Amino acid sequence: MPPTPARRRITQWLGYTLLLLIGLACAHAGYDSSKGHPNDWMEFEIGARTLVHWHHLAIYNIPALHLYAVNSALQIGPPSFLLIAPFQFLSPHVVNVGFVAFMVVLGLCSVRFAELTGHALRPDGAGVRLKTFFAGMPVMAAWGYECGQFHHLDDALTLTATAAAVWLCATRRMPITVGALLGLAVAAKPWGVVFVPVLLTLPRNQRPRAILSLLTVAVGFWLPFVLGDSQTLGALGGYHVFPMPGSDLALLAIHGSVTAWLRPLQFSLGVIVGSWVVWRGRWTAAPLAGIAMRVALDPFTWAYYGLGPILTALIWDLTRPGRRRLPVWTMWTLVVEFGLRLVLSPTTAGIGRVVWVGSVVGLLVWIYRDGRNPAVSAPDAASLDTILARTPLMKPGDSSVDSDLASSTASSIATASGMSGQ
């Protein structure tokens, strides 16, 4: 006897409750590991306290809009500071712990958005819920630990906003919200621009509104600081970057300053590759391809940088063609980003990341050889009406009809999507 809708909902709530507890427990462990020495949360506190002139101390008394011009080391977008600033009346410890818990919730939301994307593009199910649960446990463990250890609210905001935008693109709904979410992702962390190509999967008549929304949000966060101090852009762009040991650049014997050329190359290559993947029809692989370009050219090897690759790998696992139930891309990415660094030297772990980037390049080759496939996005409303009109009435629990209906519905969706994609 198949489970009732009520039983499925209860099972789903229990599963996500378990994922949340895993994330919180690992965040606690990560938080404990960062005690007793300076951590990155200090940068978030400096930015937020400067915006509110915290306790009128001289160090925080510079004009708020001069924040980036005076503190060029703050490579953190305004959304994070604006979120933290209203809570500065609380003790620093309470604010820190509260936002670590908030970041864990953002991770849970990201996993949920990935699952919803899978259901939108795979209406037949194909093990999406089960795959989400088993892949979600190590994903939430890694997400919680890194948020507790490094406290990077900006990365969590960027990734969650991107996951939500991917889901809305899959359902072809709310193009203005899609643009706003991607704008938030870019404003929170400039490398979020590598995720912007997913916007191209929207119908052509929706793209102008989405692009306008993206630009409005992204520019809206940064423009006051740029207008408030003409040195803002120069200070941000002048921050000196040198490759860390174990980075792909260091493995290529690039050790000097890469400030002048690295970020433009990194961002443009991510956008170009992601746009090509969207054009080839495998658009849910675009975030994975874009973040792979960032990993390949990034001079740093901080552990929390792995959160982007594992989330984009999860999205691809839940939407890729075929009936494979194992989340192989998620597991492979977890091993490379979080497993190897625990047992290997930085240089050897860096070689593992090079192999991972090579596997993504192999995926791009497969996408090229597989041919352009426009019939991979969710059907629009008119197509859904057509599918529902073809759907026969059935009695719950009729397994023979269930299997026939699943196959007919899947083929109808593929046909309808192909027609809408032309």
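About the cut-offs
- Residues numbered from 1 in each chain as written.
- Predicted model: local features only at pLDDT ≥ 70, side-chain atom pairs only at ≥ 80, totals over all residues.
- Heavy atoms only, no water.
- Helix = DSSP H or I, 4+ residues; strand = E, 2+ residues; numbered from the N terminus.
- Buried < 20%, exposed > 50% of the residue type's maximum accessible area, 1.4 Å probe, protein only.
- Contact = heavy atoms within 4.5 Å.
- Areas by Shrake-Rupley, 256 points an atom, 1.4 Å probe, with all protein chains shown as cover.
- Expected span 1.5 Å × (residues − 1).
- Salt bridge = Lys/Arg side-chain N within 4 Å of Asp/Glu carboxyl O.
- pLDDT = per-residue confidence, 0-100.
- Arc of directions from axis to C-beta.

Caption draft 1: Up close: the overall build of the protein chain. The helix and strand inventory of the protein chain stands at 18 helices and zero strands. Split into buried and exposed, the 422 residues of the protein chain put 49% on the buried side. Looking at the protein chain alone, contacts between residues at least 24 apart form 75% of all its contacts between residues at least 6 apart. Summed over all atoms, the accessible surface of the protein chain reaches about 19100 Å², with 69% contributed by carbon and sulfur.

Caption draft 2: Structural context of unusual backbone geometry. If you check the backbone angles, His 53 has positive phi at about 50° while not being a glycine. Counting through the fold element by element, His 53 comes out in the loop between helix 2 (41-52) and helix 3 (67-70). According to the relative accessible area criterion, His 53 is partly exposed, its value standing at 26%. Positive phi, close to 65°, is recorded for Ala 253, a residue that is not glycine. Looking at where Ala 253 falls in the secondary structure, it is placed in the loop between helix 11 (248-251) and helix 12 (262-279). Ala 253 sits in the exposed class, given a relative accessible area of 55%.

Caption draft 3: Broad picture of the side chain of Thr 162. On the secondary structure map, Thr 162 appears in helix 7 (residues 153-171). Judged by its relative accessible area of 4%, Thr 162 falls in the buried class. The residues contacting Thr 162, other than those within four sequence positions of it, are Ala 185 and Phe 195.

Caption draft 4: Looking closely at helix 2. In this model, helix 2 (12 residues) spans 17 Å end to end at C-alpha, consistent with the 16 Å of a helix rising 1.5 Å per residue. Looking only at helix 2, the buried set comprises Trp 41, Phe 44, Glu 45, Gly 47, Ala 48, Arg 49 and Thr 50. If you follow the buried residues of helix 2, they end up packed against helix 3, helix 4 (78-84), helix 5 (92-121), helix 6 (128-150) and helix 7. Looking at the residues trailing helix 2, positive phi occurs at His 53, about 50°.

Caption draft 5: Up close: the pattern of salt bridges. What the rule picks out here adds up to 10 salt bridges. Of the charged contacts, one joins Glu 115 and Arg 112 as a salt bridge, the two residues approaching to 3.1 Å between their closest N and O atoms. Of this pair, Glu 115 and Arg 112 are both found in helix 5, three residues apart, which corresponds to roughly one turn of the helix. With relative accessibility at 1%, the residue Glu 115 sits in the buried group. A relative accessible area of 26% means that Arg 112 is categorised as partly exposed. Arg 263 serves as the salt-bridge partner of Asp 298, at 3.6 Å between the closest nitrogen and oxygen. Here Arg 263 lies in helix 12 and Asp 298 lies in the loop between helix 13 (286-297) and helix 14 (307-319), a separation of 35 residues in the sequence.

Caption draft 6: Spatial organisation of the confidence of the model for the protein chain. For the protein chain, per-residue confidence averages 86 on the pLDDT scale, and 86% of positions sit at 70 or higher. Counting interchain partners and residues more than four positions distant, the pLDDT-below-50 stretch residues 375-422 has 39 contacts.

Caption draft 7: Broad picture of helix 12. Over its 18 residues, helix 12 extends 26 Å from the first C-alpha to the last, a length consistent with the 26 Å expected when each residue adds 1.5 Å. The complete set of buried residues in helix 12 reads Leu 262, Gln 266, Gly 270, Val 273, Gly 274, Val 277 and Val 278. Within helix 12, the buried residues cover an arc of 140° as seen down the axis, which keeps them to one side. Those residues of helix 12 that are exposed and aimed more than 90 degrees away from the buried face are Pro 264 and Ile 272. On its buried face, helix 12 is in contact with helix 11, helix 13 and helix 16 (346-370). Looking one or two places after helix 12, you find Gly 281, whose phi comes out positive at around 100°.

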